Amino acid sequence: MRNLLKLRFLWTFLTLFLVLSLIAGGCGKKEKKEEAKSATKQEVAQKASEEKVIKIGAILPLTGPLSFLGEPGKNAIELLKDKLTNENIQIILYDSKGDAKTGLTAFQKAYNVDKVKIVLTTLTNISLSIKPAAKENHVMQVIIAIYPNIASDYRLALQFCYNAVKETEVIKSYIEKKKPKKIFFFASRDGITNLQVKEYFIPWLKKRRIQAEVEWFDVGTKDFKTLVTKFGASAANLGILLGYGSDFQGILREIANYGLTEKVPLIGGIGYLELPQYVKYELVKNSVFIVPKFLVSKVGSQRYEEFRDNYKKHFGKEPTYDAAYTYDAVWTLLEAVKNIKSDDVEKIVQYILSNVLEGVTGPIEFEYDGTLKVDVILARFDEKMNIILAE
């Protein structure tokens with residue numbers, strides 16, 4: 001009898017243990033399923049969040065001989081970092097090294113690997129090399145370069161910079177006013193200067209029977225003695241400097257050494273804006289040059305002055321004109337995305353073209369060909385190297 005009771009007790013215990021084990025196992029599986037489901041939801045949410053990030057590729061000359069042109073653009077983007085993050089916009093920097101092939105390779109990485117839908121490009125040769133690929137892949141291109149009509153054959157391209165034709169027109173007006181008999185050109189071997197001299201200046205001067213002598217130099221040239229000697233012997237009534245300010249400094253020093261600074265007036269392109277970091281007033285006191293209106297003291301907007309102060313506060317130096325244009329380009333994209341709440345590049349371009357925003361460079365409004373409407377005027381430096389209106 002006792003054995004029977006023991007067997008019954010043992011059987012009851014085993015049955016109860018088995019039932020409890022099954023219940024516990026079922027609960028464990030349910031918890032694991034819930035955990036897996038929760039993890040899946042988190043992954044989906046994270047993936048969706050990542051997909052919402054709008055990526056913009058900024059292809060700048062961050063290294064190489066033209067890196068001094070890339071740093072201001074990078075700095076301008078840095079000033080907008082917090083605002084971009086708030087709108088889920090990511091700027092990815094790529095180094096073009098100032099080279100067209102390297103710039104195109106950077107674009108291919110931006111599009112194929114990083115999946116950017118918008119690229120910001122600087123410098124004429126790089127912007128031109130990238131545009132066909134941007135067009136083929138339906139990528140919006142924001143261009144900071146002065147090459148004429150560079151955005152005209154692609155509807156998703158916008159030129160956030162003044163057009164070199166306007167620079168040429170202001171110089172032509174100056175020539176008509178001064179009526180020189182002979183002009184001497186110091187011309188950089190870069191794409192835009194080549195176009196300006198050969199297609200816009202020389203044919204125009206020939207029609208007016210004004211003599212012209214053109215001397216070309218490579219970007220980065222250090223010795224200008226031969227060119228300035230030719231200038232001195234040319235009997236020119238006017239000298240025109242076209243190219244980069246980093247090269248102009250050497251030309252101006254040689255002109256001073258030759259004793260021609262006050263004898264022959266000079267007019268320069270926008271490269272003159274780089275000169276305050278290189279030369280003193282004595283070398284430019286007989287020069288005038290072309291600038292966008294917003295840069296001139298007592299003519300520019302309050303927004304530009306605020307941008308200028310902020311830039312100097314963060315980086316300890318004056319902003320360049322292309323820093324201001326880069327800031328406006330990225331800020332405009334930010335405003336477009338914020339208002340349309342979409343990364344559709346067609347809608348972004350349409351928003352920008354349909355609205356006139358007030359940027360640091362003035363009203364952001366475009367011509368029919370995608371060129372920014374900009375007032376370009378004649379200016380000079382005062383004794384403190386501030387930019388003022390030319391008399």
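Further up the page is the structure itself.
This structure is a prediction, so every number in the text was calculated from the model and none was measured.

### Comments concerning helix α6 (residues 164-178)
And step 1. With 15 residues, α6 extends 21 Å between its outermost C-alpha atoms, agreeing within 8% with the 21 Å of an ideal straight helix rising 1.5 Å per residue.
And step 2. For α6, the full list of buried residues reads A164, E167, T168, V170, I171, K172, Y174 and I175.
And step 3. Tucked into the core, α6 has its buried residues touching β6 (182-188), α7 (191-207), β8 (238-242), β9 (266-268), β10 (287-292) and β13 (376-381).
And step 4. The opening residue of α6, the one whose side-chain oxygen lies 2.9 Å from the backbone nitrogen of V165, is N163.
And step 5. Downstream of α6 by a residue or two, K179 has a phi angle that is positive, lying close to 55 degrees.

### Observations regarding the layout of surface pockets
And step 1. Taken as a whole, the largest pocket spans an internal volume of roughly 700 Å³.
And step 2. Those elements giving two or more residues to the lining of the largest pocket turn out to be α2 (70-79), α10 (302-315) and α11 (321-340).
And step 3. Looking at the lining of the largest pocket element by element, the count peaks at four residues for α10.
And step 4. Of the residues contributing to the lining of the largest pocket, the split by class is 15 nonpolar, five polar and eight charged.

### Concerning the nonpolar core
And step 1. The biggest cluster of nonpolar side chains holds 128 residues, and the ones touching the most others in it are M140, F186 and Y272.
And step 2. Looking at which element gives the most residues to this core, the answer is α11, with twelve residues.
And step 3. With near-sequence residues (within four places) excluded, F186 lies in contact with E215, F217, L227, V228, F231, I240, L241, L242, I251 and I255.

### As for the pairing of strand β7 (residues 211-217)
And step 1. Bridge analysis of β6 against β7 gives seven bridges, and the strand direction is parallel. Across the sheet, the residue bridging to F185 is V214, located in β7.
And step 2. Crossover connection from β6 via α7 to parallel β7: handedness right-handed.

### Observations regarding unusual backbone geometry
And step 1. The backbone of L123 shows a phi angle near 75 degrees, a positive value even though the residue is not glycine.
And step 2. Relative to the assigned elements, L123 resides in the loop between β3 (118-122) and α5 (124-136).
And step 3. The exposure class of L123 is buried, given its relative accessible area of 11%.
And step 4. Phi angles above zero are rare outside glycine, and A235 is one such case at about 60 degrees.
And step 5. Relative to the helices and strands, A235 is located in the loop between α8 (225-233) and β8.

Conventions adopted
- Residue numbering note: each chain is counted from 1, following its sequence as written.
- The predicted nature of this model means local features are confined to residues of pLDDT at least 70 and side-chain atom pairs, given and counted, to a pLDDT of 80 or more, with totals for whole chains, interfaces and linings taken over all residues.
- Derived side-chain values reflect all non-hydrogen atoms in the structure, with water molecules and hydrogen atoms excluded from consideration.
- Secondary structure elements are taken from DSSP: a helix is a run of H or I of four residues or more, a strand is a run of E of two residues or more, and numbering for both begins at the N terminus.
- The length a helix should cover is 1.5 Å for every residue beyond the first.
- Residue burial is assigned from relative accessible area. The probe radius is 1.4 Å, only protein chains are included, and a residue is buried under 20% of its type maximum, exposed over 50%, and partly exposed in between.
- Residue contacts follow a heavy-atom distance rule, with two residues in contact if any of their heavy atoms lie within 4.5 Å.
- Polar contact criterion, stated in full: a pair of N or O atoms within 3.5 Å, where within protein one must be able to donate a hydrogen and the other to accept it, and residues adjacent in sequence count only if both atoms are side-chain atoms.
- Using only the protein atoms, space was sampled on a 1 Å grid; points where a 1.4 Å probe fits but cannot get out form cavities, open sets with protein on both sides within 12 Å along at least five of seven lines form pockets, and lining residues are those with an atom within 4 Å of a point.
- Grid points are joined across faces, edges and corners, and a volume is the space filled by probe spheres set on the points.
- Classification used: nonpolar for Ala, Val, Leu, Ile, Met, Phe, Trp, Tyr, Cys and Pro, charged for Asp, Glu, Lys and Arg, polar for all others including Gly.
- Within this scheme, the nonpolar core is defined by two criteria: the residues are buried Ala, Val, Leu, Ile, Met, Phe, Trp, Tyr or Cys, and they are joined through side-chain atoms within 4.5 Å.
- Pairs of strands are assigned from DSSP output, requiring at least two bridges between the strands.
- Here, the term right-handed applies to a crossover whose path from the first strand over the helix to the second runs clockwise when the strands point away from the viewer.

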